[in-house]
Amino acid sequence: MLSPAKINLGLEIPYKRPDGFHEIRSVFLRLNWGDDIQIEPISPGSFELVSDNQIILEKRRLYDDVSEKGDLSKNILFKTFSKIRAHYRELPGVRIHLTKKIPPAAGLGGGSTNAASLFSFYFGLGPEFHSDHIFKLAAEIGADVPFFLSENHCLVSGKGEILKDIEVHPGQGILALTPQVLSTAEMYAGLKKPLQADPPSKRWISLGNDVEFSLKEGNWAALREKLVNDFEPLAFQKFPQLGKLKESFLANGASYSSLTGSGSCVYGLVQGLEIREELLAKMQTEFPDLTFVSFNY
């Protein structure tokens, strides 16, 4: 079963909320690339994880440190299992085989998508899968987990729990799996957003409507003028190569390019498989030390 990665089209952080979280406004796209996960039931209360770590070399240890080879108590799958079992003790234990491809510290939702896969295993065929209780449990694991419980692309707001399904014209892209590590907590702190609790602005409502229309039409180039990722200035200042990656994606034929999440991965979107292959060849020539992944959405 695919545990898919996501990318952000734009990521605005207008303010810090009284509950300590940051308000976000973004478009989340599900990719057809990610981790492979197989889950089977075992005796109640038991948790087993077997990992095949295929993450890029520079970030491989970040996952090993929280896998069965390191401190398993810090692994998001174990945390998810523990939380679910605290509410549903009658459920079986699990043996999980995870082929890990999504790197940590990437902005791709690699931990959250694994957690959602476990929720889907336990509740996906039951009537309570889309219940408020399951949704709340998922949000307690991580702000991005509820998105991965959906099968759709979404306009996302709140701390990540307010989701609106959107129609997106099918497209293609290339993802640069970068070795740089950007701490999510440090990136949010670096934004220095004021503490407030304003409702969504009229600008965001209007912008959301414009973005939805462009996505439905597949007009990726128009999104350049409408969407921004607030983390890009911080990320590009700390690691200038990330900014060069974005510039190169656009210069070599991408219709849209951005940092995803708080980083550090950068992607480019195109219109057509032939254009994507040409872009991939150019990027591999320009950045021979980087790993690139082709995807659809």
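In the block above lies the structure referred to throughout.
Just so we're clear, the structure is a prediction, and the values are computed from it rather than from any experiment.

Draft legend 1. Expanded view of the overall build of the protein. Assigned secondary structure in the protein consists of ten helices and ten strands. In terms of overall dimensions, the protein is globule-like: its C-alpha atoms have a radius of gyration of 19 Å, near the 19 Å expected for 297 residues. Dimensions of the protein along its principal axes, counting C-alpha atoms only, are 55 × 45 × 35 Å. Evaluated residue by residue, the protein yields a buried proportion of 52% over its 297 residues.

Draft legend 2. Local environment of the nonpolar core. Within the largest apolar cluster, 85 residues are counted, with the highest numbers of intra-cluster contacts made by Leu9, Ile96, Leu108, Phe119 and Phe292. With seven residues, strand β2 (residues 25–42) is the largest single contributor of residues to this core. When neighbours within four sequence positions are excluded, Phe292 is seen to be in contact with Ile174, Leu175, Ala176, Leu245, Phe249, Leu280, Met283, Gln284 and Phe287.

Draft legend 3. Broad picture of the pairing of strand β4 (residues 93–100). Burial of β4 is extensive: six of the eight residues sit out of reach of the surface. Pairing geometry for β2 and β4, over seven bridges, is antiparallel. Within β4, the residue paired with Ile42 across the bridge is Gly93. Note: strand β3 (residues 47–53) against β4, seven bridges, orientation parallel. Bridge pairing in β4 links Ser51 to Leu98.

Draft legend 4. Focus on the packing of aromatic side chains. Here the structure, examined in full by the defined rule, presents 13 aromatic pairs. On the numbers, 6.3 Å between centres and 35 degrees between planes, the contact of Phe119 with Phe123 is tilted. You can see Phe119 and its partner Phe123 sitting in helix α3 (residues 110–123), four residues apart, about one turn around the helix. Judged on exposure class, the residue Phe119 and its partner Phe123 are both buried. Members of the aromatic cluster, each reached through a chain of ring pairs, are Tyr88, Phe119, Phe121, Tyr122 and Phe123. Over the face of the ring belonging to Phe28 we find Lys6, whose NZ or CZ atom lies 4.8 Å from the ring centre. Its guanidinium or amino end placed over the ring of Phe21, Lys159 lies 4.2 Å from that ring's centre, counting from NZ or CZ.

Draft legend 5. Up close: unusual backbone geometry. With omega at 20 degrees, the peptide bond leading from Gly263 into Ser264 counts as cis. One non-glycine residue with positive phi stands out, namely Ala105, at about 50 degrees. Looking at where Ala105 falls in the secondary structure, it is placed in the loop between β4 and α3.

Draft legend 6. Examining α3 more closely. With 14 residues, α3 should cover 20 Å at 1.5 Å per step; its first-to-last C-alpha distance of 20 Å lies within 8% of that length. In terms of residue burial, α3 counts as a mostly covered element, since eleven of its 14 residues are buried. Within α3, the full set of buried residues consists of Gly110, Ser112, Thr113, Asn114, Ala115, Ala116, Ser117, Leu118, Phe119, Tyr122 and Phe123. Buried residues in α3 make contact with β1 (2–12), β2, α2 (76–87), β4, α4 (132–141) and α5 (145–149).

Draft legend 7. Quick peek at the side chain of Arg30. Within the secondary structure layout, Arg30 lies in strand β2. In this structure Arg30 is buried but unpaired, with Glu151 as the nearest side chain of opposite charge at 6.4 Å. In this structure the side chain of Arg30 is engaged in a polar contact, spanning 2.5 Å, whose partner is the backbone oxygen of Ser150. Beyond its immediate chain neighbours, meaning those up to four positions away, Arg30 contacts Pro4, Ala5, Phe147, Phe148, Ser150, Glu151, Asn152, His153, Asn296 and Tyr297.

Rules behind the numbers
- Residues numbered from 1 in each chain as written.
- Predicted model: local features only at pLDDT ≥ 70, side-chain atom pairs only at ≥ 80, totals over all residues.
- Heavy atoms only, no water.
- Helix = DSSP H or I, 4+ residues; strand = E, 2+ residues; numbered from the N terminus.
- Rg over C-alpha atoms; globule rule 2.2 N^0.38 Å.
- Buried < 20%, exposed > 50% of the residue type's maximum accessible area, 1.4 Å probe, protein only.
- Core = buried A, V, L, I, M, F, W, Y, C linked by side-chain atoms within 4.5 Å.
- Contact = heavy atoms within 4.5 Å.
- Pairing = 2+ DSSP bridges.
- Phe/Tyr/Trp six-rings, centres within 6.5 Å; stacked < 30°, edge-to-face > 60°.
- Lys NZ or Arg CZ within 6 Å of the ring centre and 35° of its normal.
- Expected span 1.5 Å × (residues − 1).
- Lys, Arg positive; Asp, Glu negative; His and termini not counted.
- Salt bridge = Lys/Arg side-chain N within 4 Å of Asp/Glu carboxyl O.
- Polar contact = N/O pair within 3.5 Å; in protein donor to acceptor, adjacent residues only side chain to side chain.

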